[in-house]
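Residue-level structural notes
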Amino acid sequence: HMISLGSRLAVAYNLRRFYNFRSAFPFDWWISSASGITELLRCPDIETLYDPSQLELGSRAETVRHRSLDIQLHHEFPRDATKPNGPVRPDWLQHLERPKARTAALFNKFVGLNKSGNRIAFFREQPDQDDPFTVHLDALFPNADYTLVFIPAINAGMGDSFNWKGN
């Protein structure tokens, strides 16, 4: 299994494109801080993630952001396709149940990989920094065999020499 731990959407997109799979996991389409993902690995609580008192609409209505986790829930809420750049709809707070249910199902699938014989590669794009994830992955996946792959930040566009595709 190949699973993106972020930090942006392009990681999951490129894993799926290059390795030709479609399986989704919770962190795929979020723009996320390492500290936010670390906290969710420590305590994967959907109610905390979708706590309305922690959610705010981005300055140009391009995304919904969790303030304390510093995670942008970029594709979780309905957008207004009639406006340029399809901003998040003003009534986005009335649409919490669907992303909560979807994320809960993806988290159940994620932790369900903790089975003897399962091999998992977790990928995270980020600048060089300490590994904040292993202690929590060890706790969540004691039976599976996993590796953690850090990808250096790739500041490339859609037609670069590595064929890295942005979101």
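The preceding data block contains the structure.
For the structure given in this document, a descriptive report is provided here. Since the model is a prediction, treat every value here as computed from it, not as a measurement.

1. Section: the pairing of strand E6 (residues 119–125)
Among the seven residues of E6, six are classified as buried, and the element is accordingly described as predominantly covered. Sheet topology places strand E1 (residues 2–4) next to E6; three bridges connect them, and they run parallel. Paired with Met2 across the two strands is Ala121, which belongs to E6.

2. A few points about the pattern of salt bridges
As a working rule, side chains carrying opposite charge can pair if their charged atoms are close by. What the rule picks out here adds up to 11 salt bridges. The shortest N-O distance in the salt bridge between Arg16 and Asp28 comes to 2.9 Å. Here Arg16 is found in helix H1 (residues 9–19), whereas its partner Asp28 is found in the loop between H1 and strand E2 (31–32), with 12 residues between them in sequence. This pair shows no difference in class: Arg16 is buried, exactly as Asp28 is. Arg67 is the salt-bridge partner of Glu56, the closest N and O atoms lying 3.1 Å from each other. Linking Glu56 in strand E3 (residues 55–57) with Arg67 in the loop between strand E4 (64–66) and strand E5 (71–72), this pair joins segments that are 11 residues apart in sequence.

3. A short note on the environment of Pro52
Take Pro52: it is sitting in the loop between helix H3 (46–49) and E3. Separated by 44 residues in sequence, Pro52 and Leu96 place their C-alpha atoms 8.5 Å apart. Not counting the four nearest positions on each side in its chain, Pro52 is found in contact with Leu93 and Leu96.

4. Details of H1
Taken together, the buried positions of H1 are Leu9, Ala10, Val11, Ala12, Asn14, Leu15 and Arg16. Of the surrounding secondary structure, the elements contacted by the buried residues of H1 are E1, E2, E6 and strand E7 (145–151). Taken from the residues just after H1, Asn20 is the one with a positive phi, measuring 55°.

5. A few points about the nonpolar core
In terms of nonpolar packing, the biggest core is built from 33 residues, with Trp30, Phe110, Phe122 and Phe141 touching the most fellow members. At the level of elements, helix H2 (34–42), H3, helix H4 (97–111), E6, helix H5 (134–140) and E7 are the ones that each hand at least two residues to this core. In this view, Phe122 contacts Ile3, Leu5, Phe110, Leu137, Phe141, Tyr146, Thr147, Leu148 and Val149; residues no more than four positions away in its chain are not counted. Membership of the second largest hydrophobic core comes to five residues, among which are Leu15, Ala121, Phe123 and Ile151.

6. Focus: the packing of aromatic side chains
Tallied over the entire structure, the rule returns 12 aromatic pairs. Relative to Phe110, the ring of Phe27 lies with its centre 5.5 Å away and its plane at 85°, an arrangement referred to as edge-to-face. Note that Phe27 is positioned in the loop between H1 and E2 and Phe110 in helix H4, a separation of 83 residues in sequence. Here Phe110 and Phe141 contribute two aromatic rings whose centre-to-centre distance is 5.1 Å and whose plane-to-plane angle is 85°, an arrangement assigned as edge-to-face. With Phe110 in helix H4 and Phe141 in the loop between H5 and E7, the pair connects residues that are 31 residues apart, well separated along the chain.

7. Re the sheet that holds E4
Strand order in the open sheet made by the four strands is E2-E5-E4-E3, with antiparallel pairing throughout. Single-partner strands in this sheet number two, and they are E2 and E3.

Cut-offs used in this document
Residues numbered from 1 in each chain as written. Predicted model: local features only at pLDDT ≥ 70, side-chain atom pairs only at ≥ 80, totals over all residues. Heavy atoms only, no water. Buried < 20%, exposed > 50% of the residue type's maximum accessible area, 1.4 Å probe, protein only. Helix = DSSP H or I, 4+ residues; strand = E, 2+ residues; numbered from the N terminus. Pairing = 2+ DSSP bridges. Salt bridge = Lys/Arg side-chain N within 4 Å of Asp/Glu carboxyl O. Contact = heavy atoms within 4.5 Å. Core = buried A, V, L, I, M, F, W, Y, C linked by side-chain atoms within 4.5 Å. Phe/Tyr/Trp six-rings, centres within 6.5 Å; stacked < 30°, edge-to-face > 60°.

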